[in-house]
Structures are given as C-alpha cells and as structure tokens.
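# Residue-level structural notes
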Amino acid sequence: MRFFIGLLLFSLVLSASTGMAQGSLFEPFDCRAEVEIINRIEKEKQQRELAIRDSINKAEGLIALQKREELNKILEYSQNGWMHWSTVDNFTFGKNRGGLPMITDLTALHPYFRDKVARLIFLCKQKGIELEIVETFRTHAKQDEYKSMGKKYTRSGAGKSKHQYGLAVDLVPIVNGEPEWHNKALWKKIGLIGEQLGLRWGGRWRYLYDPGHFEWTGGLSVYDLAQGKLPYIPKQELNYPCIEDDLHLLSRYWEQWETEQASYATNNP
Ligand SMILES: [Zn+2]
C-alpha cells in the first residue's frame, strides 16, 4: 500500500512538473509586439530614405539651376563676347594713337600666342618689370587709321599687320606709374625674355624699331594669313584640345569688331 501511495505521489509530481514545462514551451506566441517594432523600424527607414531623396532632389535642382545660369552666362558671353573685351582710349599710354579705341584683351589673341604673352608678362614681373598691354588684336579699320597717321606709326595697311590675325601684341613697361617708351636697356631685357619664349621681337627691326611689339606666326607669312591660313600649334603642346572651335569663335568676334570699328571710322572721318 505504501508503495502505491509513493508511486501515485511520484507520478503526480512528475505530471505537474512536465505540465509546467509544457505550459512554457507551447504557450501561444504573441508576435504582435515584434511586428509592431518591425513596422516602426521599416517606416522610419522609409521616412529617412524619403528625406534623403528629397534633399538630393533639392540639391540636384539647385545644381541644375546653377548650371543653367552658368550656361546662360556662357551663352550670353559667346553671343556678345567681343563686347566684353577690354579696350583703352587714345593717350592712355601718353601717346597719340588715334581716335579708335585699342583692344587690350589677351583673349582677343590666338590662344597659343596669348599664353606666350601671358608668360612673358609673368616672367617680366618676376624680374621686377611691370608690363601693360597697349594693344592686342587690331582691326583693319584701326590699322588704316595708323597708316593715315604717318610713317612713324606703321608702314603696313589693313590686313598687312600680324595684329589683324591676333598674332601680335604691343606692350610697354611701366616705371613709377608712367609708361617708359625710351629706355633701350629695359626694352632689351624684355625683348630677350620674349625671344626665349619663341616670339619675334620688334626691337630687332632696323626700320620702324618697335621694341614693344612681339609676334608669332608659326612660320606663316602675312600673305598666308591673309589667305585665311592659321599657324599650327607645335605638336608637343597638349593644352589646346578645342583650338578649332576657339579660333572659330575668335574669328567671329574679330568680324564683329571689324563691323564696329569700320562704322566708327565712317561716322568719324
Ligand atoms: Zn605691334
């Protein structure tokens, strides 16, 4: 009897303990809380992504707007670029140079020559010589004006000067704020620097000694240039990938300046 009671108690304890174990193992799992958390995380992620996308769109919109404005500026410049070229009036450098203004903009020059001139100005500055640009590109009308002013100005008529092809520049050193036209030693220093850059220097010319004048034609004569030929840039130079386009635009500006100054010359005989 004692044995049976003991067995009964034992089985009761066993069933109770296993029952407890079964209760914790198979109790129905409430996943709602977890789903809620997942949903919330997902929602936040989406909101973050939307915010990022929104700010990217805004930034892109802003960039697009800036780009369009820049493009408009470039377009405006390419339409009327010639109007933006810097000029100086007669007597700016203390000499009578006629009624038509002189174009002093470096961008009015053939790009390869322009960079040589910029280098010349830079190298002179390094040696303490301050150069001012007197004239870069010169129209046929302006050339004719010089011709009409007498032999000490030029012996070349319209189309005969390298200035008409953007391949010549006139410079003057400035000493104590004044143009120094008659300092031969100073001219020589400048001339030698220009020659080292491969430029032809007017200070070598016996007739019409022209020390402020530098030119480069890549071996072409004025006759070649008048025929519409343009000098080749040396092959080792890689800085001019768009030279054809640049020259095309430049020619258009030169033509616009021709029209402008030709009409001025007609109206102010
Ligand atoms: Zn010149």
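See above for the structure.
Quick summary incoming for the structure in this document. (Residues numbered from 1 in each chain as written. Predicted model: local features only at pLDDT ≥ 70, side-chain atom pairs only at ≥ 80, totals over all residues.)

## A word on unusual backbone geometry
- In this structure, Phe-91 takes a positive phi of about 70° despite not being glycine.
- Along the chain, the position of Phe-91 falls in the loop between strand 1 (87–88) and strand 2 (102–103).
- Assessed through the 9 C-beta atoms surrounding it within 10 Å, Phe-91 is described here as exposed.
- For Leu-208, which is not glycine, the phi torsion reads 55° and is therefore positive.
- For Leu-208, the location among the structural elements is in the loop between strand 6 (200–201) and strand 7 (213–215). (Helix = DSSP H or I, 4+ residues; strand = E, 2+ residues; numbered from the N terminus. Buried ≥ 20, exposed ≤ 12 C-beta atoms within 10 Å, placed from the backbone.)

## Topic: the nonpolar core
- In terms of nonpolar packing, the biggest core is built from 32 residues, with Leu-109, Val-117, Leu-120, Val-134, Val-169, Leu-171 and Phe-214 touching the most fellow members.
- Counting residues per element, the ones that place at least two in this core are strand 2, helix 3 (111–126), strand 3 (130–135), strand 4 (168–175), helix 5 (184–196) and helix 7 (243–267).
- Here Leu-171 is in contact with Leu-131, Glu-132, Ile-133, Val-134 and Gly-212, once residues within four sequence places are set aside. (Core = buried A, V, L, I, M, F, W, Y, C linked by C-beta atoms within 7 Å. Contact = placed C-beta atoms within 7 Å.)

## Side note on the packing of helix 3 against helix 5
- Orientation of helix 3 relative to helix 5, taken along the N-to-C sense of each, is 135°, at an axis distance of 10 Å. With respect to helix 5, the axis of helix 3 lies oblique. As for how helix 3 packs across helix 5, the hand of that crossing is right-handed. Each of Leu-120, Leu-123 and Cys-124 in helix 3 lies in contact with helix 5, whose residues at this interface are Ile-190, Ile-193 and Gly-194.
- Residues of the contact of helix 3 with helix 5, tallied by class, amount to five nonpolar, one polar and no charged. (Axes fitted to C-alpha atoms, helices over the stretch in contact; angles between N-to-C directions. Parallel < 35°, antiparallel > 145°, perpendicular 65-115°, else oblique. Left-handed = near helix turned anticlockwise from the far one by under 90°. Nonpolar A, V, L, I, M, F, W, Y, C, P; charged D, E, K, R; others polar.)

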